[in-house]
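# Structural overview for review
Below, each chain spelled out in residue letters.
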Amino acid sequence: MTILNAVHVTEYPMQLERILHSQGFGARKLCRILVRSNRVTVNGLPCDDPFAEFATDGLHFSVDGETWPYQPQVYLMLHKPAGFECSTRPTHHPGVLSLLPAPIRERGVQSIGRLDEDTTGLLLFSDDGQFIHRMSSPKWKVPKIYQATTKHAVDQRQIDLLLQGVLLNDETEPIAALGCSALSEHVLQLTLGEGKYHQVKRMVAAAGNRVEALKRTAIGNLLLPDDLAPGQWRWLDAAAREQLLPAAD
């Protein structure tokens, strides 16, 4: 017997099995089985009718006791730890997608840009192609802030070179940091408006130093939260996305 009846709404209600399917919980047949096996609740109440209809705005549901918000599209941040590749087909290390739950992976999310295997910090994911393009395209020059721990002490000459522009081996024009400052004797903070291959490491090397550790701390005005531990992720709400997109205008 259905314990929770569908809420009567006029705005685009969806059948529960379709909701689960859209959120990455498998084919509709499997989602139907989940519901009929009493493994699903909606807004805190059990429902065993896969065809019950619900308004999706503000909807929360749980599968096997784990609660999920309904998300029409995926926008999330991850604190990337070292030792993970930003590739859908990793070769030498685990893929960063393995840090995300299976339902999110099933939705075909992509990382927005890449961080090297040994680079840590803020990494974004989405299944929204337009959002991915806007955040990653060099056209928009979305600023990204990095903290680079260096082998040798940082001096003003290196900072000036990075701000003026350094010529990398496979480039025809010098590339300049949007911002550069020394946080300590061996820590540089660099702001870049593009994301070329190994760019921070190569720029620092061209300025006469060497990167020993690298962490991305911000994208646009969105900072890596202090309470987001390496390997953890969280949804990007509308307010967080606004911190990203104005920087790309």
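Everything here concerns the structure above.
Residues numbered from 1 in each chain as written. Predicted model: local features only at pLDDT ≥ 70, side-chain atom pairs only at ≥ 80, totals over all residues. Heavy atoms only, no water.

Another point: the pattern of salt bridges. Once their charged atoms are close, side chains differing in charge can pair, the charge on each being opposite to the other. One pass over the structure, following the stated rule, counts 9 salt bridges. For glutamate 17, the salt bridge is made with arginine 28, and the minimal N-O distance between the two is 2.9 Å. Taken together, the positions of glutamate 17 in helix H1 (residues 16–22) and arginine 28 in helix H2 (residues 28–36) put the pair 11 residues apart, joining distant regions of the chain. The residue glutamate 212 makes a salt bridge to arginine 210 at a minimum N-O spacing of 3.3 Å. Here glutamate 212 falls in the partly exposed class, since its relative accessible area comes to 47%. (Salt bridge = Lys/Arg side-chain N within 4 Å of Asp/Glu carboxyl O. Helix = DSSP H or I, 4+ residues; strand = E, 2+ residues; numbered from the N terminus. Buried < 20%, exposed > 50% of the residue type's maximum accessible area, 1.4 Å probe, protein only.)

Here we come to the packing of aromatic side chains. Under the definition given, this model contains 4 aromatic pairs. The interplanar angle of 85 degrees and the centroid separation of 5.6 Å between the aromatic rings of phenylalanine 25 and tryptophan 68 together place this pair among those described as edge-to-face. Of the two residues, phenylalanine 25 is situated in the loop between H1 and H2 and tryptophan 68 in strand E6 (residues 66–69); the sequence distance between them amounts to 43 residues. When its relative accessible area of 7% is taken as the criterion, tryptophan 68 is described as buried. With a centroid separation of 5.2 Å and an interplanar angle of 85 degrees, the aromatic rings of tryptophan 233 and tryptophan 235 are classed as edge-to-face. (Phe/Tyr/Trp six-rings, centres within 6.5 Å; stacked < 30°, edge-to-face > 60°.)

Any functional reading would require information beyond the geometric quantities listed.
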